[in-house]
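# Topology and contacts: notes
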Amino acid sequence: MARGGPKLHHQRRYELGQSFQDGGEHYDRVRPGYPADSADWLIGSVRRAGGASDAADIGAGTGKFTALLVQRGLSVAAVDPSEDMLTQLRLVLPGVPASVGTAEATGLADEAFDVVSVAQAWHWCDPLPASTELARILRPGGVLGLLWNQLDTSVPWVHRLSRIMHAGDVHKPDFRPVVGPEFKELESHLTRWEDPVTTEDIIELAKSRSYYLAAGEGTRAKVLANLQWYLHEHLSHSPSDVLGLPYLTQTWRAFKA
């Protein structure tokens, strides 16, 4: 069982995951990207003559991590369960083949990829069936990458912000993702960085999270009122202020056994 991460019953995980089926344009606009070194660390680990040339980004969403793979010269296929999310990906990355599927059933060919990435989505997957499927599409020596952006709650003002936003994907120090026996040598890499945002960006970010999307109108109104108070009254920021919002990006990799 996963340690230190969000613990969701299967039905609740499904319900929250369904909240991302629509709203691709908003998600793409307000969610942060990923630091370059997360992709470099993952790609550079491929144990094949000539390195990595083909990648599959699973749970690709609007293409936030897909773009880093493309920028590094890989031929990339994107898969996501939401057609709405993929519509945004195709606008930004028109040369990337994008298809509807899941980590448990990608629809991709056997042993076709050197890298398979799952960014900000492994917690929505059933890890053992997903591991079997992703090992199937990886070549020998290929690498599975699991990535999470999370607010850096070691910073006091961000810790309180995460509580107000109900950012339940903040991992505890002993977090270790579950992968199946098809993979070995699980190891991690941590990147600290800041995203320049306004207070309005932070409020829109809260609106893109599963807690807010799945909530009723009363709960949504309470979250927004609390954010307005915290950012503009308690912290005394004006709406035009640009803040450096601290993030941690945790990148895990494991090799096909």
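To keep things clear, this report deals only with the structure shown in the data block. (Residues numbered from 1 in each chain as written. Predicted model: local features only at pLDDT ≥ 70, side-chain atom pairs only at ≥ 80, totals over all residues. Heavy atoms only, no water.)

## A look at the side chain of T66
Residue placement: T66 occurs in helix α4 (residues 66–71). Overall, T66 belongs to the buried group, its relative accessible area being 0%. Separated by 2.6 Å, the side chains of T66 and D57 make a polar contact. Once you skip the residues sitting within four places of it in the chain, T66 turns out to touch D57, A60, V76, A78, L89, L93 and V96. (Helix = DSSP H or I, 4+ residues; strand = E, 2+ residues; numbered from the N terminus. Buried < 20%, exposed > 50% of the residue type's maximum accessible area, 1.4 Å probe, protein only. Polar contact = N/O pair within 3.5 Å; in protein donor to acceptor, adjacent residues only side chain to side chain. Contact = heavy atoms within 4.5 Å.)

## Here we look at the sheet that holds strand β3 (residues 98–100)
Strand order in this open sheet of seven strands is β3-β2-β1-β4-β5-β7-β6, and the pairing throughout is mixed. The open sheet terminates on both sides in strands that have one partner only, identified here as β3 and β6 (183–198). Direction aside, neighbouring strands of the sheet carry axes that sit 20 degrees apart on average. Of the strand pairs in this sheet, strand β1 (residues 54–58) and strand β2 (residues 75–80) are connected by five bridges, and their pairing is parallel. Among the inter-strand pairings, A56 is bridged to a residue of β2, identified as A77. Strands β1, β4 (113–119), β5 (138–151), β6 and β7 (242–256) of the sheet are contacted by helix α6 (residues 127–137), whose axis makes an angle of about 130 degrees with β5. (Pairing = 2+ DSSP bridges. Axes fitted to C-alpha atoms, helices over the stretch in contact; angles between N-to-C directions.)

Distances and angles like these do not, on their own, reveal function.
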